[in-house]
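# Working through the structure, step by step
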Amino acid sequence: MKIEPLKIYLGNWQFNAGLVGFINIINHYDKKSIIIKNDYIEFTEECLENFSEKYFNYLSDTYVSYTSWYKITSYEDFINNYEDNDYSNFDEKSLEYLNHYIRDILKKYLKSNSYKAAYELISSNLDIMEIEKKLSPVKIKKEENIENVLPDVKKQIRLIKEATEFLNRDDAKKYILGKNVMYQFIKNSWSGVSFLNSQTKEKNFYQDYNQHFVNPVLEYLGADKQKYKFECFICDSKMKDMSNTLGFLNHTGFDTSRKASHAWNFSNDIAICDVCKLIYSCMPAGITYAYDKGIFVNDNSSIKNLIKINSNLKTRILSYDASEKSTNTYRALVNSFEQQYDEKLKYELADIQVVRYERISPDKDRYMFNILSKTIIKVIINSKKYLDSLTKTSYRENGNNVNIYEETINRLFSNQNMYTLIHRCIVYKNGNPRENYFNGTHIINLIRINIEYLKGVGYLDKYGLDIANEGNRQGYFLKSAYIEKNSVDKVDGICYRLMNALKTSNIHSFMDTLINCYLYVKKPVPKIFIDTFKDEDVFKNVGYAFVSGLTVEVKEKDNKEGK
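Presented here is a report on the structure given in the accompanying data block. Predicted, not measured: the structure shown is a model, and the values here were computed from it. (Residues numbered from 1 in each chain as written. Predicted model: local features only at pLDDT ≥ 70, side-chain atom pairs only at ≥ 80, totals over all residues. Heavy atoms only, no water.)

### Section: the side chain of Ser60
Considering the arrangement of structural elements, one finds Ser60 in helix 2 (residues 51-63). There is a polar contact of 2.8 Å between the side chain of Ser60 and the backbone oxygen of Phe56. When residues no more than four places from it in sequence are discounted, the contact partners of Ser60 are Leu177, Gly178 and Val181. (Helix = DSSP H or I, 4+ residues; strand = E, 2+ residues; numbered from the N terminus. Polar contact = N/O pair within 3.5 Å; in protein donor to acceptor, adjacent residues only side chain to side chain. Contact = heavy atoms within 4.5 Å.)

### So, empty space enclosed by the protein
All chains considered together, the criterion is met by 2 cavities of 30 Å³ or more. Here the largest cavity defines a volume of roughly 60 Å³. Along the walls of the largest cavity sit Val20, Asn24, Tyr58, Tyr63, Ala285, Gly286, Ile287, Thr288, Ile307, Asn310, Ser311 and Lys314, which together make up its complete lining. When residues of the lining of the largest cavity are traced back to their parent elements, those giving at least two are helix 1 (13-27), helix 2, helix 12 (283-286) and helix 13 (303-319). In terms of residue count, the dominant contributor to the lining of the largest cavity is helix 13 (4 residues). Of the residues contributing to the lining of the largest cavity, the split by class is 6 nonpolar, 5 polar and 1 charged. (1 Å grid on protein atoms, 1.4 Å probe; cavity = no way out; pocket = protein on both sides within 12 Å on 5 of 7 lines; lining within 4 Å. Points joined across faces, edges and corners; volume = space filled by probe spheres on them. Nonpolar A, V, L, I, M, F, W, Y, C, P; charged D, E, K, R; others polar.)

### Some words on the pairing of strand 9 (residues 364-372)
Inspection of the sheet shows strand 8 (residues 352-361) paired to strand 9 by 9 bridges, in the antiparallel sense. Residue pairing in the sheet places Glu358 in a bridge with Arg366 of strand 9. Taken together, strand 8 and the strand that follows it, strand 9, pair antiparallel across an intervening segment of 2 residues. (Pairing = 2+ DSSP bridges.)

### Points about the nonpolar core
Core analysis: the biggest nonpolar cluster contains 178 residues, and Phe22, Phe51, Tyr55, Leu98, Trp190, Tyr209 and Phe510 have the highest contact counts within it. For this core, the leading source of residues is helix 1, giving 9 residues. Sequence-distant contacts of Tyr209, defined by excluding residues within four places in its chain, comprise Phe51, Ser52, Tyr55, Phe56, Trp190, Ser194, Phe195, Val214, Leu278, Ser281 and Cys282. (Core = buried A, V, L, I, M, F, W, Y, C linked by side-chain atoms within 4.5 Å. Buried < 20%, exposed > 50% of the residue type's maximum accessible area, 1.4 Å probe, protein only.)

### Some remarks on the packing of aromatic side chains
By the definition in use, this model includes 47 aromatic pairs. Measuring from centroid to centroid gives 5.9 Å for Phe185 and Tyr289, while their planes differ by 45°, and the two rings are tilted. On the criterion of sequence distance, the pair formed by Phe185 in the loop between helix 9 (170-184) and helix 10 (205-222) and Tyr289 in strand 6 (residues 288-290) is long-range, its members being 104 residues apart. Considered together, Phe185 and Tyr289 belong to a single accessibility category, that of buried residues. Positioned above the aromatic ring of Tyr220 is the side chain of Lys225, whose terminal nitrogen or guanidinium carbon lies 4.6 Å from the ring centre. Directly above the aromatic system of Tyr520 lies the positively charged group of Lys485, at a separation of 5.2 Å from the ring centroid. (Phe/Tyr/Trp six-rings, centres within 6.5 Å; stacked < 30°, edge-to-face > 60°. Lys NZ or Arg CZ within 6 Å of the ring centre and 35° of its normal.)

### Here's the deal with unusual backbone geometry
The phi dihedral of Asp236 falls on the positive side, at around 70°, and the residue is not glycine. Considering the arrangement of structural elements, one finds Asp236 in the loop between strand 4 (230-231) and strand 5 (238-239). Within the chain, Lys522 stands out as a residue other than glycine whose phi angle is a positive 60°. Within the element layout of this structure, Lys522 appears in the loop between helix 22 (507-520) and helix 23 (527-532). Since its relative accessible area comes to 73%, Lys522 is described here as exposed.

Okay, structure coming up:
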């Protein structure tokens, strides 16, 4: 029987993520197999041939540099460098890193349970566990030179080369990388079934995936559905029974056999067809992950837009420096918005949903959802250069490092102003500057972002970023005046009173302190305070910029106000 091409339409965010993932997997091999329309895709049964291979290969190729397999095999570059120079460049630091590599990377992963499970699928006469037992850090005594331990170093490197040659075999790479992406990325989206079911009897996870997700689709497509009584919750296709539930999706479904109370009248009425189940299984290929975070933009205006922005996100996230991993997903999102906006893809016509994934601990994760309006997207785009300056900034709070860039983006996503964050940054900067990695310029940029946000949501219509610049400038000059009077020790107390007034939005208290300060240095109160303190938001932005200027270190040559 000839099977008609399948049509898959847009759905909820998880289904859309799976749809993007399915397209990514197929396009990784053949970009002409899928026909993409405005709100649906069309493909034939041939796309599902060797689908499990395509599934794991796509994830392995995409995230290879994030895997433990890569951590192990990338040490070959160091080995080649040492051997090419006959170990003349092997020093104490090289030995320290070699020992770290052997102890914390190579031995740790070679004897892990996931690697042991993969060894069973690899056809090789080499006993990799015997090599693991022989591997050990090279010890050096205090009175010894590095040359004394080079024979031991070379012995360990020979063992490392045997191990990495084994891992670089095609079958070893296939199954070990497959295990890597299984536990690092796939389990973020779904679990409890197929190879992620702890009770599965099939050791080959490629075959397990086929048996659970792919083969049922092929059988379903060839079946006579005229007598089917049930309908798919997602696509309304006819189904034989209600056996396929959403229970395997993390933070979404539930075990209908154990938790019947979750369903209406203790009877579950939500089930999906085999085709939709396959699409949902592709979620890990649609969401872009970086370390312990993931992101998906559910722009459902059209499939082409959905693919384009998420493809751009993936490209940008995976190209960023690993040293800035805490901000990778957010920076990529900001840059993608900027590109899409510049290309005039009409984001102003509809709000878009941003779904963020975050792993809080090894056993706990969560999804976070935001609807970004055209206003917030424009604010983010207009503030991009100020946001970029914050990527490596952080402060210490309750024993934890808080990234200011990430905190700023979170507030914009949640449609919140920056006042408490600005206040916190100024307080921490004055209180313990050594544990806080930012300066006065970063605070001013944070105030500029806040002004852009307030202007975007309908405030500060008559004012621009110059109020932050002028406020900061006047704070700097006032501190210079106190230095001229040898009274710089008074500035901390002044800042404390001004900050309290700003925190409580007490304009009168702020102005009383300010007037006393200018009387003390015998200078007129700058015009900006007279003109702008008629509005609370203007007052707070100028006020925080002014206090930030008071905290800046004044250079001797600048120790007087210019005209």
